[in-house]
Amino acid sequence: MNELLRKTASEQSKAIKNKEVSALELTKAQFERINAIEDKIGAFNSLTEEIALNTAKKVDEKVAKGEELPLLAGVPLALKDNMNLIGSKTTASSKILENFVSPYNATITEKLLNNLVPIVGKANLDEFAMGSSNENSAFKKVHNPWNLNKVPGGSSGGSAASVAACEATLALGSDTGGSIRLPASFCGIVGMKPTYGRVSRYGLIAFASSLDQIGPLTRSVEDAANLLEVISGHDPKDSTSLNLPVEHYSANLNGDLKGKKVGVIKELLSEGLAPDVEKAVQNAIETYKKLGCEIKEISLKNLKYSIGIYYILATAECSSNLARFDGVRYGYRHPDSKNLMEMYTKTRAEGFGPEVKRRIMLGTYALSAGYYDAYYKKAQQMRALVTQEFEQAFKEVDVLISPTCPNTAFDLGAKSSDPLAMYLTDIATISCNLAGLPGMSVPAGFDKDGMPIGLQILAPQLQESRLFNFGYKFEQSNDFYKQIANI
Ligand code: GLN
């Protein structure tokens, strides 16, 4: 493999600018790598080689003319396959969209193309982003590059595995309850969910609209900061996108942390935690102490309700969002039905997988007449309490830390027949989405079997710069992020 493929995006950008490598050479090397190992990983639903090579050529033309390159120009990126890119299929890893061709570009895609980022392919995911292991893909499993018998985490499992296996340097994922941070932690890379509304979701297939955000998966915090800068900003096509200027996030890395306050979430450092994960978090606490931070224990009493709240709100919203897949407007249609109702029923029965059906049923139930007040309204009220609890906590501390997940990556198949066990994987990540906060997972070590561990850092809304700074200081105090899966 070309050694440059193991490097961070910043290093690759430098090499392109300094003409040590052309963007075309780098992109071609990327496809050689993909062709050599993709059979073992399963990170991609489809490849977009022509698009990537054309973009790379444009980068080289600029270099030849001595023009300045936009941020991350020429650095190969994997796009989660629930985001539109003209010239590719957008399947959401669902049979119902198996042959659906992107009719337009997502706003993030436009931004990537404007910055001349070569998009190498569409990354595998749990069907409609519902899952924590990527095993809910209708097409194929994704294997964790650190151990091929283990899951990569989900739902952005293909995105995370592609970066960890050096099949891409950057990836985008979507995070509704942890789908960027969990796979980042299982695959030993950085994963960041921005503040709700920071990144436009126009052209992202909606799962739960009050929770979904798009964000970066990368090899370093600096790369995540740069990628967020490229994709964020106000978009009139997404009414939930915030009308605020984009910050130059990487300019604020490496700020002094002396006297800053780090809150350790008590409920996430108690029972049920794998011993090696606990050690890694204790280690992180020591690191922040050495950096001059004051450590405070913070109790979030409502955190234990977050999974219950999430599985009412997310399923209710998904039952409504997925109503559009009816065989009329998009994707698959059952070929020989006698009447309209039969066509709807058969199309959806054949097109959706078991987890998606389970969620549609749960959500439809929660929203039905007579149950709305008992479930949806109650969950909304509890969500407000979770949000308030975070607001209180951030009056006392600058950031909150916890493990990203109580355990490391589990074996393929270990939880696939037990939905509840799978849902519990997200205990540390979900409340961040409920409160709309920015959150990040940073590599924090390895367990006794060599599987990566992630440290989660949370900051108040719109404090992305603070989040990156805390992540960067931690990352630079160890060399976990430099370790690359040996595959
Ligand atoms: N694992 C969670 C779920 O299955 C979160 C998924 C996500 O963030 N998209 O809903």
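Residues numbered from 1 in each chain as written. Predicted model: local features only at pLDDT ≥ 70, side-chain atom pairs only at ≥ 80, totals over all residues. Heavy atoms only, no water.

Visitor: Please explain the overall build of the chain as it appears in this structure.
Guide: Along the backbone of the chain there are 15 helices and eleven strands. Scaling as 2.2 N^0.38, a compact globule of 487 residues should have a C-alpha radius of gyration of about 23 Å, and the chain matches this with 21 Å. Its C-alpha atoms give the chain principal-axis dimensions of roughly 65 × 50 × 45 Å. Residues counted as buried form 61% of the 487 residues belonging to the chain. For the chain, restricting intrachain contacts to residue pairs at least 6 apart in sequence, the fraction spanning at least 24 positions comes to 76%. (Helix = DSSP H or I, 4+ residues; strand = E, 2+ residues; numbered from the N terminus. Rg over C-alpha atoms; globule rule 2.2 N^0.38 Å. Buried < 20%, exposed > 50% of the residue type's maximum accessible area, 1.4 Å probe, protein only. Contact = heavy atoms within 4.5 Å.)

Visitor: It is not clear to me how the pattern of salt bridges should be interpreted in this structure. Could you clarify?
Guide: When the charged atoms of two side chains lie near each other, side chains of opposite charge can form a pair. Applying the stated criterion to the full structure yields 17 salt bridges. The structure contains a network of salt bridges with shared partners spanning Lys62, Lys65 and Glu67. (Salt bridge = Lys/Arg side-chain N within 4 Å of Asp/Glu carboxyl O.)

Visitor: What is the right way to look at the sheet that holds strand β7 (residues 261-265) in this model?
Guide: The strands that make up a sheet pair up through hydrogen bonds in the backbone, lying either parallel or antiparallel. Judged by pairing direction, the sheet is mixed, and its eleven strands sit side by side in the order β1-β3-β2-β4-β6-β5-β10-β11-β9-β7-β8 without closing on themselves. Strands with a single pairing partner mark the edges of an open sheet, and in this sheet they are β1 (44-47) and β8 (294-298). Direction aside, the axes of adjacent strands within the sheet are offset by 30 degrees on average. The sheet contact formed by strand β5 (residues 190-193) and strand β10 (residues 439-446) spans three bridges and is antiparallel. By the bridge assignment, Lys193 is partnered in β10 with Gly439. Helix-sheet contacts for helix α4 (residues 107-114) involve β2 (77-80), β3 (119-123), β4 (170-175) and β6 (213-218), and the interaxial angle to β2 is about 170 degrees. (Pairing = 2+ DSSP bridges. Axes fitted to C-alpha atoms, helices over the stretch in contact; angles between N-to-C directions.)

Visitor: Just to check I follow, could you spell out the site of the ligand for this structure?
Guide: Close to the ligand lie 15 residues; Thr176, Gly177, Ser179, Tyr310 and Asp426 are nearest. Between the ligand and the protein, one listed contact pairs a nitrogen atom with a side-chain N or O atom of Asp426 at 2.6 Å. Expressed as a share of its isolated accessible area of 300 Å², the protein-covered part of the ligand is 100%. Each residue belonging to the shell around the ligand can be placed in one class, and the counts come to five nonpolar, seven polar and three charged. (Near = heavy atom within 4 Å. Polar contact = N/O pair within 3.5 Å; in protein donor to acceptor, adjacent residues only side chain to side chain. Areas by Shrake-Rupley, 256 points an atom, 1.4 Å probe, with all protein chains shown as cover. Nonpolar A, V, L, I, M, F, W, Y, C, P; charged D, E, K, R; others polar.)

Visitor: For this particular structure, what's the right way to read the environment of Ala284?
Guide: Structurally, Ala284 can be placed in helix α8 (residues 275-290). With relative accessibility at 0%, the residue Ala284 sits in the buried group. Each C-alpha atom of the pair Ala284 and Ser477 lies 9.6 Å from the other, and the pair is 193 residues apart in sequence. Here Ala284 is in contact with Leu455 and Phe474, once residues within four sequence places are set aside.

Visitor: How do you make sense of the side chain of Asn82 when you look at a structure like this?
Guide: On the secondary structure map, Asn82 appears in the loop between β2 and α4. Among the residues examined, Asn82 registers a relative accessible area of 2% and is labelled buried. Residues in contact with Asn82, not counting those within four places in the same chain, are Thr90, Ala92, Leu125, Ala129, Ser174, Gly203, Leu204 and Ile205.

Visitor: Help me understand the nonpolar core in this model?
Guide: One recurring pattern in soluble globular proteins: nonpolar side chains tend to sit buried together. One finds Leu112, Leu172, Ile231, Tyr288 and Phe468 to be the most contacted residues of the largest nonpolar core, which totals 55 residues. Ranked by residues supplied to this core, first place goes to helix α7 (residues 221-231) with seven residues. Excluding its chain neighbours within four sequence positions, the residues that come into contact with Leu112 are Leu77, Leu79, Val117, Ile119, Leu172, Leu227, Val230 and Ile231. Listed in part, the 46 residues of the second largest apolar core include Ile265, Tyr311, Phe390 and Ile430. (Core = buried A, V, L, I, M, F, W, Y, C linked by side-chain atoms within 4.5 Å.)

Visitor: Can you help me understand a nonpolar patch on the surface in this one?
Guide: Taken together, the side chains of Tyr365, Tyr371 and Tyr375 present a nonpolar region at the surface, about 280 Å² in accessible area. Mapped onto the secondary structure, Tyr375 falls in helix α12 (residues 373-396). (Patch = residues over 30% accessible without salt bridge, like charges linked within 9 Å, V, L, I, M, F, W, Y side chains within 5 Å.)

Visitor: How do you make sense of the pairing of β8 when you look at a structure like this?
Guide: A regular strand carries its side chains on alternate faces of the sheet. Sheet analysis places β7 next to β8, joined by five bridges and oriented parallel. Within the sheet, the bridge partner assigned to Gly263 lies in β8 and is Lys296. For the crossover from β7 across α8 to β8, the handedness is right-handed. (Right-handed = clockwise from strand over helix to strand, strands pointing away.)

Visitor: Can you walk me through the pairing of strand β9 (residues 399-403) in this structure?
Guide: Counted residue by residue, β9 has five buried out of five residues, so it is predominantly covered. Bridge analysis of β7 against β9 gives three bridges, and the strand direction is parallel. Paired with Gly263 across the two strands is Leu400, which belongs to β9. Across four bridges, the pairing between β9 and strand β11 (residues 452-458) is antiparallel. Each bridged residue has a counterpart across the sheet, and for Leu400 the counterpart in β11 is Leu458.

Visitor: Explain the packing of aromatic side chains here, please?
Guide: For any two aromatic rings, the description comes down to two numbers: the centre-to-centre distance and the angle of the planes. This structure, assessed with the given rule, holds 18 aromatic pairs. Note on Phe446 and Phe480: the rings are 6.4 Å apart at their centroids and 75 degrees apart in plane angle, and the pair reads as edge-to-face. One end of the pair, Phe446, is in strand β10; the other, Phe480, is in the segment after α15 (464-476), with 34 residues separating them in the sequence. Phe446 sits in the partly exposed class, given a relative accessible area of 28%. Between Lys415 and the ring centre of Phe410, over which it is positioned, the NZ or CZ distance is 4.7 Å. (Phe/Tyr/Trp six-rings, centres within 6.5 Å; stacked < 30°, edge-to-face > 60°. Lys NZ or Arg CZ within 6 Å of the ring centre and 35° of its normal.)

Visitor: Hey, could you run me through the side chain of Ser179 in this one?
Guide: For Ser179, the location among the structural elements is in the loop between β4 and α6 (181-187). Overall, the relative accessible area of 6% leaves Ser179 in the buried class. Separated by 2.7 Å, the side chains of Ser179 and Ser155 make a polar contact. Those residues within four positions of Ser179 in sequence are excluded, and the remaining contacts are Lys80, Ala129, Gly131, Gly154, Ser155, Ser156 and Ser174.

Visitor: Please clarify how the packing of helix α2 (residues 23-41) against helix α3 (residues 49-65) should be interpreted in this entry.
Guide: The axes of two packed helices give the description: the angle between them and the distance between them. Put simply, α2 and α3 touch, their axes get as near as 7 Å, and they point 155 degrees apart. What the angle tells us is that α2 and α3 run roughly antiparallel. Between α2 and α3, the contacting residues are Ala23, Leu24, Thr27, Lys28 and Phe31 on the first element and Glu49, Ala52, Leu53, Ala56, Lys57, Val59 and Asp60 on the second. Of the residues assigned to the contact of α2 with α3, the class counts are seven nonpolar, one polar and four charged. (Parallel < 35°, antiparallel > 145°, perpendicular 65-115°, else oblique.)

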